[in-house]
Amino acid sequence: MVKKLIAPACLFLALTTLLAIEKEPFGEYKARRDRLAARIKGNVLVLRAAPDQELVKYQQERNFYYLTGFDQPGAILLLDAASDPPQEFLFLPERKPSAERWTGPKLAPGADAEKATGFAKVLSADEFETTLKRVSEGGTAAYGLKDVESDVGFLRQTKSPTEVALLEKAVQITLKAHRAAVRTIAPGAMEYEVQAALEFEFTRNGAERPGYPSIVGSGPFSTILHYNDNTRRIQAGDVVVVDIGAEYSGYSADVTRTYPASGKFSPRQREIYQIVLEAQKAAIEKVKPGARIGDLHNVAMSHIRSKGYEKYFIHGTSHHIGLEVHDVGDTSRPLEPNMVITVEPGIYIPEEQLGVRIEDDVVVTATGHRVLSNFPKEISEIEGLFKR
Ligand SMILES: [Mn+2]
């Protein structure tokens, strides 16, 4: 009797576990495989899921995820673009009940998996070799991941509306985290306390992880671009660069603000902050179809140069975001609607322990752009956040 009661409970556990991450409609992933098949017509592609690693939270290989929406280890995608129309197969390992005591239930080949993945055929991994042999009989080349990286990168640069929606959720969670950072920043607080407060917001709002190591850089570390030790005690009069992004359903936001530790910028900090802000606004204005990331950088740089701080602006202005925070693809490609990029100029003056970066996430629309990360950035607004 007891056993009969437990069985459905286990099944329920299995299903809720498998559906934990928000997915796009199956049709989105299928459409991507169709577009990729068209680009590699005449060839056969084999893509393998990321291997499982002990004591590491599983993360699917990004291109595999993009094409399948499937986030378990051991899977193989076989895309036969040599047949007309193209054929596709997903292979999954058979279930191993003893291993599942450690890893939790995994999806097995067959009808349930076909329903759960949207693939017409989900076969056993044991059948992979013979199937590959059969579809490659005509002498077609079998591609691996390296061969299609640029093709998938091209596809990944333009987001579907459902991808934009996931990125917007990642951004919204990140903005909540910025509010938590503001509540925690104060003279005497440790940078890691700020990190803890903001990452708490990530997790409690459903983000899987930070999309990259959270940067909380105060004083001298405000000028170190990828500082993430976060071990310094924040001092009165510091600026604090907070560069963070929640990863939600695989998609990473990337939003930076620079805060005054004491709640008010010094005159010198205001001066530099205002220059960065003006450069950022000018670059955002230029985001529209046809513009290039290089054009945005020129706009931001020319403003910063006009104020005499060219040598203190030492990085690019924009990058794509998506399944990776520095998303893949050709960065010189003209912008198209539904591409999502950051705009993030900065000025870093080590000798003054003064670094300022302001970064927003922006989606390209048919006629221009829409800023996803609507969060205070005017000096008066930032200082207003600290009136508490
Ligand atoms: Mn960035």
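Residues numbered from 1 in each chain as written. Predicted model: local features only at pLDDT ≥ 70, side-chain atom pairs only at ≥ 80, totals over all residues. Heavy atoms only, no water.

Draft legend 1. Layout of the pattern of salt bridges. What the rule picks out here adds up to 30 salt bridges. Connected through salt bridges with shared partners, the residues Lys30, Arg33, Asp34 and Glu88 form a single ionic network. (Salt bridge = Lys/Arg side-chain N within 4 Å of Asp/Glu carboxyl O.)

Draft legend 2. Local environment of the coordination of the manganese ion. The coordination sphere of the manganese ion contains the protein donors Asp254 (OD), His319 (NE2), Glu344 (OE) and Glu359 (OE), at a distance range of 2.0 to 2.3 Å. The sequence motif formed by the donor residues of the manganese ion is D-x64-H-x24-E-x14-E. Taken as a pair, Asp254 in the loop between β10 (251-252) and β11 (255-260) and Glu344 in the loop between β12 (340-343) and β13 (346-349) lie far apart in primary sequence, 90 residues in all. (Donors = N, O, S within 2.8 Å, 3.2 Å for Na, K, Ca; no water. Helix = DSSP H or I, 4+ residues; strand = E, 2+ residues; numbered from the N terminus.)

Draft legend 3. Looking closely at the domain arrangement of the protein. Each assigned domain of the protein is listed here: domain 1 (17-156) and domain 2 (161-385). The gap between the C-alpha centroids of domain 1 and domain 2 is 35 Å. Taken together, both faces of the contact between domain 1 and domain 2 bury some 1,500 Å²; the carbon and sulfur share is 46%. Its largest share of buried area at the contact with domain 2, domain 1 owes to Glu22, Arg62 and Arg156, together 39% of the area lost on that side. Where domain 1 meets domain 2, there are 5 salt bridges. As a salt-bridge pair, Glu22 and Lys169 come within 3.0 Å of each other at their nearest N and O atoms. Summed over the shared surface of domain 1 and domain 2, the number is 12 residue pairs in polar contact (both at pLDDT 80 or more). Those elements that provide at least two residues to the side of domain 1 that touches domain 2 are α2 (26-39), α3 (62-68) and α7 (145-157). (Domains from an automatic or database assignment. Buried area = accessible area lost by both parts, 1.4 Å probe. Polar contact = N/O pair within 3.5 Å; in protein donor to acceptor, adjacent residues only side chain to side chain.)

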